[in-house]
Structures are given as C-alpha cells and as structure tokens.
Amino acid sequence: MGISIAICETDSNEALCKAGKTDIKKVFLRDVKGFEDYAESDVTMSAKEAKEVMGAEWEGFLKRNRIDPEAEVVYMDKVKNDVDRAHLAPKMKKTYTGWVLLDKAPADTRKRIVEASSADDRLTGWDMLSFDEMGETCKKCGLSWDKGRGCIGDFGPESSLLPQIAKKLDLPIVANVVESARTKKTFSGDDAKELLREVQVLRQRMPDEPKGKLLMSRYGGVLERLEGVANIALKYKTRFYFV
C-alpha cells in the first residue's frame, strides 16, 4: 500500500479551498423521512410498464424521445414529447434518490440533516468542482506545498526502507510513518519542528549507511517532500498526517 503525507489544510484560513470544503452542499440519507422538501427525487416507471402503456407506439416513443431501447427504467425528465408525457404521467412514481440538498433548508433543519448523515456521505462545494477547477485553485494556493500540485504528496510504499533507517537513528516520526498512517494520527506544529530535525539528521547520516549513495538517490525526493510539508505546517499553523 502506498503512503502519502498531507497537511490539515482547513486549519488555515489562507487555504483557498477552505470555504468550499467546509460548505456542505448535499448529504446522502438512507431514509429522507422528515426532509422530503429538500430531497432529490426522480419520477420514473419501469420500461416494461411504459411499453404496456404505449402499446403499438413503443418504437416511435423510443425514437421521439431518444431513449435507449435497453433501458430498464424510464425517467419522466427524459420524455420530451408532451403527448407521451401525458400518456405516462398516471403511471409514473416519485422515488427519492437519498440525496438531500442543504442550500434551501433553514439553518436549524440544515443542522439536523447533517447530523443524520455519515461523514462519508457528505458532498461539499469543493467536491462539486471539476478536477481542472481544483487544480487551478491549488496552483494559486500558498499551502500547496507539493510544487503547486496540492497539499498531499507521496511518501512511498509501506515497504520503504526509510522508516527502518529512521528507527536505527532514533527518529520517531519517520520511523513510525506506517503505524501513524494506520492509526490516522495527526501531528502538531511542535511535531513539524521535530520532523525538520529528523530530515536534517537523515540527510547527514544516511550517506554513512551501506549503499548510502543509492539510498540518498532513492529517498532524496521523499526527504524533500517531508521537509516541504513540515515548513508549510509551521508557516500556516496547520497539523499534518500520513495516510
């Protein structure tokens, strides 16, 4: 498994993504009861039922509305022909997707909706952006420590030798990277100072290890990224972690 190093970017008000990442737009609920007014829904019927309603007009219906003949469900919003819509409307049923929109909900209701959802089932304004839009934002952000590509970068595989070397040199943060990723431990500003010290020691001592030049060649970029994230964590007063 690959391990990455990252900062808790929303700790800082200077993170250009903070507004989007802290603005929850929609959540998924297993049961939308009580929140129907804000829940997304579809008006549908099975293709089998639609075919029965349309009868001999079925093939024409598919062509007029450009509906896939293999579709198992017919969505009302895909039926563009007004006459066809009128034929199907009595048989159509409203079904909730499970997604509940927060923008139009009153503040107290919004709070209850969010509390009813799992953290993994929430979409923020940042999630709604395209990858290109995210990338452009990261390029402009001071917290984007990995050469403008974002605030998360590669540490390496679990099999990396760097933690073993760090353990020999009594450098606890780097030595325990794998365990920290597994336990989702977060590190403070004081830890960032320690990480800078550990990087310095590794640069000084690693060349003395067997195949030291090869190790420096292999892990020089990792040390650069560790140093980068520690400096940004100190500058912007954010925590950091391995994942």
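Worth saying up front: this structure is predicted, and the values here are computed from it rather than measured.

Enquirer: What is the right way to read the side chain of Thr 124 from this model?
Expert: Turning to its location among the elements, Thr 124 is positioned in strand 6 (residues 122–124). Assessed through its relative accessible area of 11%, Thr 124 is described here as buried. Here Gly 20 takes part through its backbone oxygen, which lies 3.5 Å from a polar atom of the side chain of Thr 124. With residues near it in sequence (within four places) discarded, Thr 124 still touches Gly 20, Lys 21, Asp 23, Ile 24 and Lys 25.

Enquirer: Explain unusual backbone geometry here, please?
Expert: In most cases, non-glycine residues show a negative phi, while peptide bonds are predominantly trans. A positive phi is found at Arg 66, a non-glycine position, where the angle reads about 50°. Within the secondary structure layout, Arg 66 lies in the loop between helix 3 (58–65) and strand 4 (73–75). With a relative accessible area of 80%, Arg 66 lands in the exposed category. The backbone of Lys 184 shows a phi angle near 60°, a positive value even though the residue is not glycine. Looking at the secondary structure, you find Lys 184 in the loop between helix 9 (177–183) and strand 8 (186–187).

Enquirer: Honestly, the packing of aromatic side chains in this entry has me stumped. Any pointers?
Expert: To describe a pair of aromatic rings, one takes the distance between the centres and the angle between the planes. As enumerated under the stated definition, the model contains six aromatic pairs in all. Centroid distance Trp 58 to Phe 61: 5.4 Å. Interplanar angle 25°. Geometry classified as stacked. A residue pair is termed a helical-turn pair when its members lie 3 or 4 positions apart in one helix, as Trp 58 and Phe 61 do in helix 3 at three residues. With a relative accessible area of 9%, Trp 58 lands in the buried category. Here the aromatic rings of Phe 187 and Phe 240 are separated by 5.0 Å at their centres, their planes lie at 15°, and the arrangement is stacked. Note that Phe 187 is positioned in strand 8 and Phe 240 in strand 9 (residues 240–242), a separation of 53 residues in sequence. Here Phe 240 falls in the buried class, since its relative accessible area comes to 0%.

Enquirer: Just checking my understanding: could you explain the pattern of salt bridges for this structure?
Expert: Side chains bearing opposite charge may pair, as long as their charged atoms lie close to each other. Considering all chains together, one arrives at twelve salt bridges under this definition. A salt bridge links Arg 239 to Asp 11, with the nearest nitrogen and oxygen atoms 2.9 Å apart. With Arg 239 in the loop between helix 11 (212–236) and strand 9 and Asp 11 in the loop between strand 1 (2–7) and helix 1 (18–21), this pair connects stretches of sequence that are 228 residues apart. Of the charged contacts, one joins Lys 25 and Asp 103 as a salt bridge, the two residues approaching to 3.8 Å between their closest N and O atoms. Taken together, the residues span a long stretch of sequence, with Lys 25 in strand 2 (residues 24–28) and Asp 103 in the loop between strand 5 (93–101) and helix 5 (107–115) at a distance of 78 residues.

Enquirer: How should the nonpolar core be read in this particular structure?
Expert: Note that soluble globular proteins tend to have their nonpolar side chains buried in a common cluster. Counting 43 residues, the largest nonpolar core has Leu 162, Leu 195, Leu 226, Phe 240 and Phe 242 as its most contacted members. Here this core takes ten residues from helix 11, the largest share from any one element. Not counting residues up to four positions away in its chain, the partners in contact with Phe 242 are Ile 3, Ser 4, Ile 5, Phe 155, Ile 173, Val 177, Ser 180, Ala 181, Lys 185, Phe 187 and Leu 226. One finds Phe 61, Val 79, Leu 88 and Met 92 within the second-largest nonpolar core, a separate group that totals 13 residues.

Enquirer: Looking at this structure, I do not really get helix 5. What am I missing?
Expert: Looking at helix 5, one finds that the buried residues are Thr 109, Ile 113 and Val 114. Along the axis of helix 5, the buried positions cluster into a sector of 135°, meaning they face one direction only. More than 90 degrees from the buried face of helix 5, the exposed residues found are Ala 107, Asp 108, Lys 111 and Glu 115. Those residues of helix 5 hidden inside the fold are in contact with strand 2, strand 5 and strand 6.

Parameters at a glance
- Residues numbered from 1 in each chain as written.
- Predicted model: local features only at pLDDT ≥ 70, side-chain atom pairs only at ≥ 80, totals over all residues.
- Heavy atoms only, no water.
- Helix = DSSP H or I, 4+ residues; strand = E, 2+ residues; numbered from the N terminus.
- Buried < 20%, exposed > 50% of the residue type's maximum accessible area, 1.4 Å probe, protein only.
- Polar contact = N/O pair within 3.5 Å; in protein donor to acceptor, adjacent residues only side chain to side chain.
- Contact = heavy atoms within 4.5 Å.
- Phe/Tyr/Trp six-rings, centres within 6.5 Å; stacked < 30°, edge-to-face > 60°.
- Salt bridge = Lys/Arg side-chain N within 4 Å of Asp/Glu carboxyl O.
- Core = buried A, V, L, I, M, F, W, Y, C linked by side-chain atoms within 4.5 Å.
- Arc of directions from axis to C-beta.

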